[in-house]
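Coordinates in review
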Amino acid sequence: MAENLKRLVSNEALRTLQEKLDSWLKEYNTNTCDQNLNHCLELIEQVAKVQGQLFGILTTAAQEGGHNDGVETIKSRLLPWLEASFTAASMGKPVDSKVPSLQNTFDRERRKDSSPRDRDMQQLDSNLNSTRSQLNQVQDDLAETEKNLEETKNRSAISLLVAEEEINQLKKQLKSLQAQEDARHRNTDQRSSENRRSEPRSSEERKCEQWSSLKRNVDQRDTEVTSDYKKHLRNLKEEIAVLSAEKSALQGRSSRSRSPSPAPRSPSCSRSRSASPSTAVKVRSPSPNRSKLSNVACKAALLSRFSDSYSQARLDAQCLLRRCIDKAEIVQRIIYIATVEAFHVAKMAFRHFKIRVRKSLTPSYVGSNDFENAVSDYVICHLDLYDSQSSVNDVIRAMNVNPKISFPPVVDFCLLSDFIQEICCIAFAMQALEPPLDIAYGADGEVFNDCKYRRSYDSDFTAPLVLYHVWPALMENDCVIMKGEAVTRRGAFWNSVRSLSRCRSRSLSPICPRSQIGLSMMSRSRSPSPIRCELPRF
C-alpha cells in the first residue's frame, strides 16, 4: 500500500489537474462546444485514473485489516457517500452541499452506538455496587454468627462443668446415705436380737392370741353358713308352696280349655289377664340353681340369637313378604319397623312385669336391704313367664297405624308373627341384663353414622344421608355392640319428606263408613290365643 501511495504522489496528477482546470476556465468562453467537451472528458479521465489508484489503495488497506477491521468505517462513510453521489449523477443534479459528509455520518453513528453501551455500563456498575453491599452484609452476619457460636460453646462448657460437679456431690451424698442406712440396719438387728433373748414369753402369748382369733373367725363362718342354709331352706319351702298353687291353677286352666267356649277371646282380654297382679303373685320364687349362670354368658347367648335373627329370621320374613309386595324397599321398611316396635313393646312389658314382682315380694322382704337384688334375681329366674303373644298383638296393632307402611293395606302383618315373637323374647331377655341392651334410634333422612351402621350393597356410598334403615344397631348405654344396616341415597331427606306426605295423603278418608274400617282393622289385628315362649333360663 505504501508503494502505491508513493506512486500517486510522484505522478503529480492532482497538480496537473488543477492547472488544466485553471486554463480551461480562462479559455472556456472562447472555445467551441467540442473543445469544452474534450477538456471536460480529459479531466474526467484523469480523475478516474486517480480514483482507480485510490480504490486500489482502499482495497489493500482493507485486506491488511482482516475480516472485521474496517467494516464499520466502510459502512458509515463510503457507502452513504457513494449512494448520494450516484443518485445525483443518475438524476442529472449536482451533488447537494446539504448531504452530510462522511465524517458527520461517522460521528453520528458513533454517538448512537455509544449511548446504549453507556447505559449498559451504568447498569453493570449499579449491579456491581449492590452485590458488593450484599457481600459486605453477609460477611458482617458471618462474623456475628461466629461470635454467637463461640459464646454458646463457652456457656455449654461452663454448664457441663457445673453438671459434673453436681453429679460428684450427689454421688458423695448417696454414699453417705447408704452408709447411714447400713448403720441403722445393724442397730435394728442388734436390738431385735436383744429383744428376742429378753422376751421369750411374749412370743408365746402372741401365739395364743392368734389361735384364739382363728377360732373366733371359724365360729363366725359357721354361723354364717348355717344362716345361709336356713335361708335356702326357707326359699325352697316357699317355692314348693308356689309350685303347688301354680299346678292347681294350670289344672283349672286345662279343664276350662277342654270345655267349649261360647265366644273367642279378644287380644285385649288376653292382655289384661296376663297383666293382672294375680298371675304375678302365683309366679315361682327365685331358684339358686338357675341364677348361677353369669351375666356374661347370658349376654353372649342373646347376642348370638340377635345375630341369627338378622341373618336367618329376617331373610325368612323377607321371603314371606315378597310374595305379596314387589318392592324391596317396602319389605325392608316393614321388617325394620316390626323390630323397633317389638323392642318398644318388650321394654314396656318388662317394666310392668318388674312392677308386679315388686308388689308380690314386698310383704316377704319387709325391712330387708336385699330387696332390689331379690327382685332382679326373681325376674331373671322367671323370664319364661313372659306372655310374648300379647306383645306380638301390640306390635301388629302399632304397625297397622304406622303411616309409613299401613296405608294402603297391602299385606296382613300376621305373617310376621313368628319373627316378631322371636324379637320380643330377645328384647325382653336383654332388659334383664346388667346393664340392659337396647337398639339405637334411627330416623329417615338423618346423617349416616359409620360407627352405628354399615351401608347395604345397593347404597350410594358417596351419599351422606340415610334413605331408610334395614336393621337397627344394638347399644349398651352409649357403646355400639352390633352394627345395623342402612341404605344411603342422594336426596334422602327430600325423599323421606315426600314419602311421609304421600303416606299422610293415603290415610283413610272420613267418607268411608265406620263399620268397614272397624272390620278391616279387626281382621288385620286378629291373632291366635296367647302362647308362652320359652327363653334361655338363667
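Here, residues in each chain are numbered from 1, in the same order as that chain's written sequence. It should be noted that, the model being predicted, local features are given only for residues of pLDDT at least 70 and side-chain atom pairs only at 80 or more, the latter also being counted only at that level, while totals for whole chains, interfaces and linings use all residues. The basis for the side-chain values is all heavy atoms of the structure; hydrogens and waters are excluded.

Spelled out, the test is: UniProt positions are given in the numbering used here, feature names are shortened, and annotations may be inferred rather than shown by experiment.
Per an unreviewed UniProt entry, the protein chain goes by Mitochondria-eating protein and derives from Colobus angolensis palliatus. Looking at the protein chain in UniProt, the text filed under Sequence similarities (unreviewed entry) is "Belongs to the MIEAP family."

1. Quick word on the overall build of the protein chain
Condition: Every helix listed is a DSSP run of H or I at least four residues long, and every strand listed is a run of E at least two residues long, numbered separately from the N terminus. Contacts were defined at the residue level, with two residues in contact if any of their heavy atoms lie within 4.5 Å. Each accessible area value is a Shrake-Rupley result obtained with a 1.4 Å probe; residue values ignore everything except the protein chains displayed when judging cover.
What the protein chain contains, in helices and strands, is 15 helices and 6 strands. For the protein chain, the proportion of contacts with a sequence separation of at least 24, taken over those separated by at least 6, is 75%. Carbon and sulfur atoms form 55% of the exposed surface of the protein chain, whose accessible area is close to 38,000 Å².

2. A closer look at the sheet that holds strand β4 (residues 474-476)
Spelled out, the test is: Strands are treated as partners if at least two bridges between them are detected by DSSP. Helix axes are fitted only over the stretch in contact, all axes being lines through C-alpha atoms; the angle between N-to-C directions runs from 0 to 180 degrees.
Across the sheet, 3 strands lie side by side as β1-β4-β5; this open sheet has antiparallel pairing. The sheet is open, and its two borders are formed by β1 (437-439) and β5 (479-482), each paired with just one other strand. On average, each strand axis in the sheet is tilted by 45 degrees relative to the strand beside it, whichever way the strands run. Set on the sheet, helix α9 (residues 295-322) makes contact with β1, β4 and β5; between it and β5 the angle comes to about 65 degrees. On the sheet, helix α10 (residues 328-361) packs against β1 and β4 and is oriented at approximately 140 degrees with respect to β1.

3. Considerations on the packing of aromatic side chains
Counted only if it meets this: When the centres of two rings from Phe, Tyr and Trp lie within 6.5 Å, Trp using its six-membered ring, the rings pair. Their planes under 30 degrees apart give stacked, over 60 give edge-to-face, and anything left gives tilted. For each residue, the accessible area found with a 1.4 Å probe, counting protein chains only, is set against the maximum for its type, and the residue is called buried under 20%, exposed over 50%, and partly exposed in between. Placement of a positive charge over a ring is assigned whenever Lys NZ or Arg CZ falls within 6 Å of the ring centre and within 35 degrees of the normal to the ring plane.
If you walk through the whole model with that rule in mind, you get 8 aromatic pairs. Ring centres of Phe 306 and Phe 343 lie 6.1 Å apart, and the angle between their planes is 85 degrees; on these two criteria the pair is classed as edge-to-face. Taken together, the residues span a long stretch of sequence, with Phe 306 in helix α9 and Phe 343 in helix α10 at a distance of 37 residues. Assigned by exposure class, Phe 306 and Phe 343 land together as buried. Residues Phe 350 and Phe 428 carry aromatic rings whose centres are separated by 5.3 Å and whose planes lie at 75 degrees to one another, so their mutual orientation is edge-to-face. Taken together, the positions of Phe 350 in helix α10 and Phe 428 in helix α13 (residues 417-430) put the pair 78 residues apart, joining distant regions of the chain. Classification of Phe 428 as buried rests on a relative accessible area of 1%. Through pairs of rings, three or more aromatic residues link up here, namely Phe 306, Tyr 310, Phe 343, Phe 419 and Trp 471. A cation sits over an aromatic face here: Arg 455 above Phe 448, 4.2 Å from the ring centre.

4. Concerning the sheet that holds strand β3 (residues 466-471)
Strand order in the open sheet formed by 3 strands is β2-β6-β3, and the pairing between neighbours is mixed. Single-partner strands in this sheet number two, and they are β2 (453-455) and β3. For this sheet the average axis-to-axis angle between neighbouring strands, irrespective of direction, equals 35 degrees. As paired strands, β3 and strand β6 (residues 484-488) are joined by 4 bridges and run antiparallel to one another. Residue pairing for β6: Val 466 is matched across the bridge by Thr 488. Of the strands in this sheet, β2, β3 and β6 touch α9, which is tilted by about 105 degrees from β3. Sheet strands in contact with α10 are β3 and β6, and its direction is about 60 degrees off that of β3.

5. Thoughts on the pattern of salt bridges
Applicable threshold: A side-chain nitrogen of Lys or Arg and a carboxyl oxygen of Asp or Glu constitute a salt bridge if their distance falls within 4 Å.
Evaluation of the coordinates by the stated rule reveals 10 salt bridges. For Lys 299, the salt bridge is made with Glu 476, and the minimal N-O distance between the two is 2.6 Å. You can see Lys 299 sitting in helix α9 and its partner Glu 476 sitting in strand β4, a full 177 residues away along the chain. For Glu 476, a relative accessible area of 18% corresponds to the buried category. Each member of the salt-bridge network shares a partner with another, and the members are Glu 329, Arg 333, Lys 404 and Asp 444.

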